[in-house]
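# A structural walkthrough
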Amino acid sequence: MGVSSERIGSQRRRAGAVASYAYMLAQIVVQLVYVPLLLTGIGQEEYGLYQLVGSIMSYVISVNSVLSAGVSRYYCMYRSERNDKMAANTLAIAKRLYWIVSAVVLVVVVCLIPVVQVVYQRTFTVDQLNECSAMLVVLGLNSVVTMNNTINVAAITAEERFVFLKVSQLVTLVAQPIVVILLIRILPNALTVTLVVLAMNVLCAIIQRVYAQSILKVQYTYYGWDKALAKGLLSFSISIILVVAADQIFWRADQLIIGYISGAALVAVYAVGSQIYMAYMNVGTVVSSVFFPRVSELYHGEHDMRKVSELYARVGRVTFLICSAVLGAFLVVGPDFIRLWAGEPYFDAYLVAVFVMVPLTVDLVQNLANTIMQVSDRYLFRGVVMLVLAIANIATTILLVSFMGIVGAALSTGVALFVGNGLIVNWYLARRIHVNVRGFWLEVGQLIPPFIAAATLCAGAYWLLPIPHENWVSLIVTTVVYEATLLLLQWQFGLNKYEKGLLRDYLNK
């Protein structure tokens, strides 16, 4: 029974990873088409406003990540222990906590409106400030919808129904830009975009709620207020608060600082670069995102750190293979891609993306470490470290933006990421949680030389040979050649027998 259950779980995780990458590919295609149309439809400054308000609201919606992490941890833990009563009560108590948090979010949004009016009055017009206020209200409602749907997402994830999650998200992913492009012809402003985002999020939440309750028969039965459980949810969330705060500073503060110093137009240029590295982040976190239930089972059920370390290395190698396919292609053809996709005025977005993507790769390859730290209740350390580095990143960003412009902001963020995730967190994993970090990097390190060789060969050919540039055909052909070269070199020098077998299975299917 246990073997059969594990086989089913493994199949669902593989299907979930495939579905996630299909969704990610759809995201990339949509963004390739959507962003240029949006830039043309609403203009550079309106796009900058949209990104700026999104950056502000990300701090509010991060509250959702705080509680959702706790819900997922305890719900998965009780499911692995076969305690259905406590699993159901976890969701019921979380639902009541979300009602309180939703009210707080709305109050925070109301307080943010006059703050934004004062802070950006020097660089924004009166109309832009009023539009920002309206967008804050809309995105505040969007945050409430997202938060109250988190219990459904946590339940679906615990059941390892990853394919459904991605399909439901795919529906809104495709529908949103279509509706936006149609409506901005009538009302070409950023407020229109935020209203569509709210409508699509409501649609996705309804679909996921119906599936959780009607198909999976997930129970939200309230068995009374469990002080220990509520305290556990909230105390666990303290560590998540620190990490989320650090993440928001890393990924959003740059745009707020640039908007304050230089105005909305340069925010738009930086936002194009951030679109690329955020898409890259999505690529790198897909594999590890489906393993929370499995890590919880290994840690709480089997208490086997050797198996956790083996899983950590196996997921890390697969993640590096995927990241190297994306990173190398962008390093080779990125400058031409930016010019063709967004236009010459946005060229600095290439440097913004590269300065973040390279150090971010370390974090993505070892992303399962975050899950291990959450499951083992050791996430507080990472929160403290990343928050300290994030605060330091604010000071260095302000300094570097003054000398290097928006590229300085990206450089500051990249260095902070490497120090926090590449050095300090690795040390803690090895010393305190007893993960085999040395073995992990020895395994991943075997894949690095083929990657460097493929990127160097293809970059040299693309930029030194008389190949026409700023041409979609040349760009696509070069990308295909790079991927083929990378695959050939990795197959010959990097992949192990397990990975070759896995690749053969997928190709056969």
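Residue indices begin from 1 for each chain and proceed along its sequence in written order. Owing to the predicted nature of the model, reporting of local features is limited to residues with pLDDT of at least 70; listing and counting of side-chain atom pairs is limited to 80 or more, with chain, interface and lining totals taken over all residues. The side-chain numbers reported here are obtained from all heavy atoms of the structure, hydrogens and water having been left aside.

From N to C terminus, the chain includes 19 helices and 0 strands. Each of the 509 residues in the chain was classed as buried or not, and the buried ones make up 54%. Whether two residues are in contact is decided by their heavy atoms: any pair within 4.5 Å suffices. Long-range pairs, those at least 24 residues apart, make up 84% of the contacts in the chain with a sequence separation of at least 6. Secondary structure elements are defined from DSSP: runs of H or I of at least 4 residues count as helices, runs of E of at least 2 residues count as strands, and each element is numbered from the N terminus. A simple rule labels every residue: compare its accessible area, found with a 1.4 Å probe on the protein chains alone, to the largest value its type can have, and call it buried under 20%, exposed over 50%, or partly exposed in between.

Right, let's get into the packing of aromatic side chains. Between the rings of Phe, Tyr and Trp (Trp by its six-membered ring), a pair exists once the centres lie within 6.5 Å; its type follows the angle of the planes, with under 30 degrees stacked, over 60 edge-to-face, and the other angles tilted. If you walk through the whole model with that rule in mind, you get 12 aromatic pairs. An angle of 10° between the planes, with centres 3.6 Å apart, marks the rings of Phe164 and Tyr211 as stacked. Highlighted residues: Phe164 in helix α6 (residues 162–183) and Tyr211 in helix α7 (residues 190–215), separated in sequence by 47 residues. Centroid distance Tyr312 to Phe440: 4.2 Å. Interplanar angle 15°. Geometry classified as stacked. With Tyr312 in helix α11 (residues 305–341) and Phe440 in helix α16 (residues 437–445), the pair connects residues that are 128 residues apart, well separated along the chain. What makes Tyr312 buried here is its relative accessible area of 0%.

All right, on to the environment of Tyr220 then. As for its position among the elements, Tyr220 is in the loop between α7 and α8 (227–262). Overall, Tyr220 belongs to the buried group, its relative accessible area being 13%. Residues Tyr220 and Ala92, 128 residues apart in the sequence, show an inter-C-alpha distance of 4.9 Å. Apart from the residues within four sequence positions on either side, Tyr220 is in contact with Ala88, Leu91, Ala92, Lys95, Ile151, Asn152, Ala212 and Gln213. A polar side-chain atom of Tyr220 sits 2.5 Å from a polar atom in the side chain of Asn152. Here a polar contact is taken to be a pair of N or O atoms separated by no more than 3.5 Å, where protein atoms must pair a possible hydrogen donor with a possible acceptor and residues adjacent in sequence count only if both atoms sit in side chains.

For the rest of this paragraph, the subject is helix α12 (residues 348–365). Expected helix span is given by 1.5 Å per residue-to-residue step, counting one fewer step than there are residues. The end-to-end C-alpha distance of α12 is 26 Å, a good match for the 26 Å that 18 residues give at a rise of 1.5 Å each. Consider a residue and the seven residues that end there alongside the seven that start there; fitting an axis to each set, the bend is the angle between those axes. Roughly 35° is the biggest bend found in α12, and it falls at Pro359. Of all 18 residues making up α12, 14 are buried, and the element is well covered by its neighbours.

Attention now moves to the environment of Ile448. Structurally, Ile448 can be placed in helix α17 (residues 448–464). Distance from Ile448 to Phe320, taken between C-alpha atoms, is 8.6 Å for residues 128 residues apart in sequence.

Right, let's get into the environment of Ala390. If you trace the backbone, Ala390 turns up in helix α14 (residues 379–404). Its relative accessible area of 0% is what places Ala390 among the buried residues. Along the chain, Ala390 and Leu417 lie 27 residues apart, while their C-alpha atoms are 8.7 Å from each other.

Glancing now at helix α5 (residues 150–158). Among the 9 residues that make up α5, 8 are buried, leaving the element largely enclosed by the rest of the structure. For α5, the set of buried residues is Thr150, Ile151, Asn152, Ala154, Ala155, Ile156, Thr157 and Ala158. Residue Glu160 follows α5 closely and has a positive phi angle near 60°.

What follows concerns the pattern of salt bridges. We count a salt bridge whenever a side-chain nitrogen from Lys or Arg sits within 4 Å of a carboxyl oxygen from Asp or Glu. The full count for this structure, using the stated rule, is 5 salt bridges. Across the salt bridge formed by Arg306 and Glu310, the nearest N and O atoms sit 2.8 Å from each other. Here Arg306 and its partner Glu310 are both found in helix α11, 4 residues apart, which amounts to about one turn of the helix. Looking at Arg306, the relative accessible area reads 51%, which means it is exposed. Note on Glu310: relative accessible area 40%, which makes it partly exposed. One salt-bridge network, held together by shared partners, links Arg317, Glu443 and Glu499.

Along the chain, Ser324 falls in helix α11. Here Ser324 falls in the buried class, since its relative accessible area comes to 2%. Once residues within four sequence positions are removed from consideration, Ser324 is found in contact with Phe451, Tyr482 and Leu486.

Keep in mind that most residues, glycine aside, have a negative phi and that most peptide bonds are trans. Positive phi outside glycine occurs at Lys217, with the angle close to 55°. Relative to the assigned elements, Lys217 resides in the loop between α7 and α8. Non-glycine residue His434 carries a positive phi angle of around 65°. When you line up the elements, His434 lands in the loop between α15 (406–432) and α16. Classification of His434 by relative accessible area gives exposed; the value is 57%.

Moving on: a nonpolar patch on the surface. Patch definition: residues above 30% relative accessible area lacking any salt bridge, with like charges linked at up to 9 Å and the nonpolar side chains Val, Leu, Ile, Met, Phe, Trp and Tyr linked at up to 5 Å. Per-residue and other accessible areas follow the Shrake-Rupley method at a 1.4 Å probe size, with only the shown protein chains counted as cover for residues. A surface patch of nonpolar side chains, amounting to about 480 Å² of accessible area, comprises Leu25, Ile28, Val29, Leu32, Val33 and Leu37. Tracing the sequence through the fold places Leu37 in helix α1 (residues 2–42). Residue class for Leu37 comes out partly exposed when judged on its relative accessible area of 41%.

In this section: the packing of α11 against α17. Axis angles are defined between N-to-C directions and span 0 to 180 degrees, where every axis is a line fitted to C-alpha atoms and, for a helix, only to the segment in contact. In the contact formed by α11 and α17, the axes pass within 10 Å of each other and the chain directions differ by 20°. Regarding the angle of α11 to α17, the classification is roughly parallel. In this structure, α11 crosses over α17, and the sense of that crossing is right-handed. Residues Phe320, Ser324, Leu327, Gly328, Val332, Val333, Pro335 and Asp336 of α11 form the contact with α17, whose own contacting residues are Ile448, Phe451, Ala455, Cys458, Ala459, Tyr462 and Trp463. Of the residues assigned to the contact of α11 with α17, the class counts are 12 nonpolar, 2 polar and 1 charged. We call two directions roughly parallel when the angle between them is under 35 degrees, roughly antiparallel when it is over 145, roughly perpendicular when it lies between 65 and 115, and oblique otherwise. Crossing chirality is assigned from the near helix's rotation relative to the far helix, an anticlockwise turn below a right angle marking it left-handed and a clockwise turn marking it right-handed. As a working rule, the residues Ala, Val, Leu, Ile, Met, Phe, Trp, Tyr, Cys and Pro are called nonpolar, Asp, Glu, Lys and Arg charged, and the rest polar, with Gly in that last group.

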